[in-house]
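Results of the structural survey
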Amino acid sequence: MQTKNNWTYRWLGHVILLFVFVISIFIRNDYREQPLGDQEWITAHALITTQIWADHGGPLAYNFNPVYTKPGKGNNYRDYLGGVFAENGDVYYVSYPPLSFYFLYYGNKFLGGQNIQNTRTIGLILHLVSALLLLYLIQLLQNNKNKNHFNFGGIITACLYLLMDGFMWIHGHLFFVDIMVIPLFLLTLIFAVRFWKNLDNWNLFFLCLFIFLASYTEWLGVFSGFILGITSAFIAYKEKKKRYLFAFIGAGLSTALAIGLTLIQYSSIAGWKEFFEQSRRKFIERSGHGQIQDSSQQFNLHNSDSFEYMINLFDGQFRYLWVFTLIVFFAYFMITTVSKNKLLIINYGEKIFFAFTISILMHYLLFYNFNVMHSFGGLKTAVFFLFIAGILINKINEKHIIQPNHFKITLIILAVFCVSFSIQRFTTQHKTSASFKNHLEIAKIMRNYDYPNWAYFSNIPVTPQYVFYANHCYTTTPALNYDYMSDIMDLRRNDTALYFHQTKEKLTFIQEIYRKNDQLIFGNKVLIP
């Protein structure tokens, strides 16, 4: 039964969190209307798929598979993001299950269309939801005798989740499977605790549901489903209660269903052989278990430079987060040493800590190179750090080993200090280069030439952002390279093409190209003043 104090504390916590969220929106307000920046390629990646769906019959027209080539001979067989070729030349992205693409498509459709502003709004909603779920998870892990106390650790860490620069940037500007899986992952942990406590059918149902959804989004969901299932079986064995085995069976079936559905969908595009081969190549590249030449940046699991690069990347996003967590851990260690009092005995906390830790470690072990090369790969680790900090703060506060008010005031000062430096980094660190902006304008000019059956060439680099704004795939060539363009047009089965040339990052001319009798003929040339 909820006491009056319990409800008061919870509402107070939610009000504080909403107020802090409004502050975080205000900090990011100037960025919301800006076009895609040079660090937002992953958002463009997702938007390309949802835009194609929106323009050409919805997900059903592509059997709910994430396509990223638009209709037309000028777009077919272009695999700049990797993937599987369909017989008609469409290319599909099959590195992850497709749920995040569905969520973005229908979310943007509800908000009015597939554009960057609506996508950023969805990112902000996920930011708030993730912070609330982190708050609730830490609340669940308070001791029964303290469950009606103010969830100070949860509030502090949830506020940091909303105001730290890495979280504000990732949730405010990036959208992909790695961001979408965080709230689903937290929900699996929440309902695991609720089921372990109550052993009721509804919590078991929602546990299995969110394991399925998380597994149908990103591999972290698969790993968490596996670990939570094994943990439930261990509890059943230890406590001699067979009902825990329902969670073990449910987790296994939910994970298997998500994986099986993904395999059936993606193998239907071009057959099992093509899908398996693409998955094998992608795993070799992303795992870091292969040779150093398998990685585009020469990284692998045995390369010390890659580990240093990953640490620096994480530090660039979450510097003051790990500083805060280390200080809290040091305080906890000193207090337990002086008091000789073991504080970390909490309801199911050790089991959730185990599931959280092993799931993340499995992700790093199996997809080491991916986590090294992507700045948003550290998001799950940052959430883990905040989770640990929140648990330790509540344990120190519960035991009253030091004056509670003194401890809280000190912690608030520390949090304000870390947040102020984080906000300063956020406002100065994420600037789009002038070169990128100029190239983006060229991509927008490409969009004005609506020739879906023409091949496009340019001497600007290929990025998902440029392709999204150009609304057409193109191939990079340093100049009007006759042999190279002839080979590409032959390979991609094109007879007509446009070449967009930039000099000093400004479009200077557009050249028409025709292919006749295996020869290229240069047609009209439009000079851009």
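Above: the structure in question.
Now for a description of the structure that goes with this document. (Residues numbered from 1 in each chain as written. Predicted model: local features only at pLDDT ≥ 70, side-chain atom pairs only at ≥ 80, totals over all residues. Heavy atoms only, no water.)

1. Considering the pattern of salt bridges
All chains considered together, the criterion is met by ten salt bridges. Across the pair E277 and R280 runs a salt bridge, and its minimum N-O distance is 2.6 Å. Here R280 and E277 lie together in helix α11 (residues 272-287), a separation of three residues that amounts to about one turn. Given a relative accessible area of 27%, E277 falls into the partly exposed group. Note that E277 and R281 form a salt bridge whose closest N and O atoms lie 3.5 Å from each other. Here R281 and E277 lie together in helix α11, a separation of four residues that amounts to about one turn. R281 gets classed as partly exposed once you look at its relative accessible area, which sits at 42%. In this structure, a network of salt bridges that share partners links the residues D490, D495, R515 and D518. (Salt bridge = Lys/Arg side-chain N within 4 Å of Asp/Glu carboxyl O. Helix = DSSP H or I, 4+ residues; strand = E, 2+ residues; numbered from the N terminus. Buried < 20%, exposed > 50% of the residue type's maximum accessible area, 1.4 Å probe, protein only.)

2. Points about the sheet that holds strand β6 (residues 506-516)
In spatial order, the strands read β4-β3-β5-β6-β7; together these five strands make up an open sheet with mixed pairing. With partners counted over all chains shown, the strands left at the sheet margins are β4 (475-476) and β7 (519-527), one partner each. As paired elements, strand β3 (residues 455-458) and strand β5 (residues 496-503) share four bridges and run parallel to each other. Its bridge partner being in β5, A455 is matched across the sheet by A497. (Pairing = 2+ DSSP bridges.)

3. Quick look at the nonpolar core
If you look at the biggest cluster of nonpolar residues, it comprises 156 residues, and the most contacted ones within it are Y161, F167, F324, F387 and L411. At 16 residues, helix α7 (residues 177-198) tops the list of elements feeding residues into this core. Apart from residues no more than four positions distant in its own chain, L411 is found in contact with F152, I156, F324, V328 and I393. Counting ten residues, the second-largest nonpolar core is a separate cluster that includes M485, Y499, F509 and L520. (Core = buried A, V, L, I, M, F, W, Y, C linked by side-chain atoms within 4.5 Å. Contact = heavy atoms within 4.5 Å.)

4. A look at unusual backbone geometry
Positive phi is not limited to glycine here, since K240 has a value of about 60 degrees. Inspection of the secondary structure assignment puts K240 in the loop between α9 (219-239) and α10 (244-270). Even without glycine at this site, N471 takes up a positive phi of about 60 degrees. Residue position: N471 is located in the loop between α18 (464-470) and β4.

5. A closer look at a nonpolar patch on the surface
On the surface, a nonpolar cluster with roughly 560 Å² of combined accessible area is contributed by F226, I230, L245, F248, I249 and L253. Within the residue set of the nonpolar patch, elements represented by two or more residues are α9 and α10. In terms of residue count, the dominant contributor to the nonpolar patch is α10 (four residues). For F226, the position within the fold is in helix α9. Given a relative accessible area of 48%, F226 falls into the partly exposed group. (Patch = residues over 30% accessible without salt bridge, like charges linked within 9 Å, V, L, I, M, F, W, Y side chains within 5 Å. Areas by Shrake-Rupley, 256 points an atom, 1.4 Å probe, with all protein chains shown as cover.)

6. Notes on the packing of aromatic side chains
In the structure shown here, the tally under the stated rule is 47 aromatic pairs. Look at Y449 and Y451: their rings are 6.3 Å apart centre to centre, the planes differ by 65 degrees, and that puts the pair in the edge-to-face class. Three or more aromatic residues joined by ring pairs form one cluster here, namely Y161, F167, F185, F314, F318, F353, F356, F384, F385 and F387. Residue placement shows K380 over the ring face of Y364; its charged tip is 5.1 Å from the ring centre. (Phe/Tyr/Trp six-rings, centres within 6.5 Å; stacked < 30°, edge-to-face > 60°. Lys NZ or Arg CZ within 6 Å of the ring centre and 35° of its normal.)

7. Things to note about the packing of α7 against helix α8 (residues 201-215)
It is at 8 Å that the axes of α7 and α8 come closest, and there the two elements cross at 155 degrees. Accordingly, the angle class assigned to the pair α7 and α8 is roughly antiparallel. Of the two elements, α7 crosses α8, and the hand of that crossing is left-handed. Seen from α7, the contacting residues are V181, L184, F185, L187, T188, F191, A192, R194, F195 and N198; seen from α8, they are N203, L204, F206, L207, F210, I211, L213 and A214. When its residues are assigned to classes, the contact of α7 with α8 shows 14 nonpolar, three polar and one charged. (Axes fitted to C-alpha atoms, helices over the stretch in contact; angles between N-to-C directions. Parallel < 35°, antiparallel > 145°, perpendicular 65-115°, else oblique. Left-handed = near helix turned anticlockwise from the far one by under 90°. Nonpolar A, V, L, I, M, F, W, Y, C, P; charged D, E, K, R; others polar.)

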